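A closer look at the structure
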Amino acid sequence: MWIIYKEFSFEAAHQLPHHEGKCRRLHGHSFRGRVYVASDRLKTTGSETGMVMDFSVLKAHLDPLVKNYLDHYFLNESLGLESPTSEAIAAWIFAKLEEAGVPGLHSVEVLETCTSAARYFSPRLSTFL
């Protein structure tokens, strides 16, 4: 089994209205993330021979999400989430990539700070956790 990932980053603001601490207030982060794709076999023909997926294919799916919904946006509004926690953002990105038909989509990880992150896995993988 192989797992590849593509990193991405974005600057954004959010507020967590139910939080009991300072994150209740409007604030921003330099978010980082990774999209993971898994496969039990490598491509055997064409320009992707020996690959799970060409990284540029994954980037082509991810870039519009970053550009149109994440980078320099107020996430409560752009994602339509009342409380856009790292967990909720990871699940939102996963759902959008799944809708786009990214083959082998495994998980999405969102790092809110250099020491705090959340990863959302495909519900199909829950029996493996």
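Conventions we followed
Residues numbered from 1 in each chain as written. Predicted model: local features only at pLDDT ≥ 70, side-chain atom pairs only at ≥ 80, totals over all residues. Heavy atoms only, no water. Helix = DSSP H or I, 4+ residues; strand = E, 2+ residues; numbered from the N terminus. Buried < 20%, exposed > 50% of the residue type's maximum accessible area, 1.4 Å probe, protein only. Contact = heavy atoms within 4.5 Å. Areas by Shrake-Rupley, 256 points an atom, 1.4 Å probe, with all protein chains shown as cover. Lys, Arg positive; Asp, Glu negative; His and termini not counted. Charge placed at Lys NZ, Arg CZ, Asp CG, Glu CD. Expected span 1.5 Å × (residues − 1). Pairing = 2+ DSSP bridges. Phe/Tyr/Trp six-rings, centres within 6.5 Å; stacked < 30°, edge-to-face > 60°. Lys NZ or Arg CZ within 6 Å of the ring centre and 35° of its normal. Core = buried A, V, L, I, M, F, W, Y, C linked by side-chain atoms within 4.5 Å.

Take the overall build of the protein next. Summing up its helical and strand segments, the protein has three helices and five strands in all. Counted from the first residue to the last, the protein has its helices and strands arranged as β-β-α-β-α-α-β-β. Expressed as a percentage of its 129 residues, the buried residues of the protein come to 36%. Sequence separation of at least 24 residues holds for 60% of the intrachain contacts in the protein that already meet a minimum separation of 6. Carbon together with sulfur atoms contributes 54% to the accessible area of the protein, which is approximately 7600 Å² in total. Of note, the protein has its 13 positive side-chain charges centred 3 Å away from the centre of its 15 negative side-chain charges.

For the rest of this paragraph, the subject is helix α3 (residues 86-99). In a regular helix each residue adds 1.5 Å, so 14 residues correspond to 20 Å; α3 covers 20 Å between its end C-alpha atoms and thus fits that length. Burial in α3 covers these residues: S86, I89, A90, W92, I93, F94 and L97. Among the structural elements, β1 (2-14), β2 (27-39), α1 (55-70), α2 (75-78), β4 (105-113) and β5 (116-121) are those in contact with the buried residues of α3.

Turning our attention to the pairing of β1. Bridging between β1 and β2 involves 13 bridges; their strand directions are antiparallel. For W2, the partnering residue across the bridge sits in β2 and is S39. Both β1 and strand β3 (residues 73-74) contribute to a ladder of two bridges, which runs parallel. Residue pairing for β3: A13 is matched across the bridge by F74.

Now for the packing of aromatic side chains. Scanning the model with the defined rule gives five aromatic pairs in all. Taking 6.2 Å as the distance between ring centres and 5° as the angle between the ring planes, the aromatic pair formed by F8 and F10 counts as stacked. An identical accessibility class is assigned to F8 and F10; each is buried. Site record: aromatic cluster; members linked through ring pairs are F8, F10 and F31. Sitting above the plane of the Y5 ring, R34 keeps its charged end 4.0 Å from the centroid. Looking at R119, its charged tip hangs above the ring of Y36, at a distance of 4.1 Å from the centre.

Here we come to the nonpolar core. Nonpolar side chains tend toward joint burial in soluble globular proteins. By size, the foremost hydrophobic cluster in this structure holds 26 residues, and its most contacted members are F10 and I93. At the level of secondary structure, the elements contributing two or more residues to this core comprise β1, β2, α1, α3 and β4. Here this core takes six residues from α3, the largest share from any one element.

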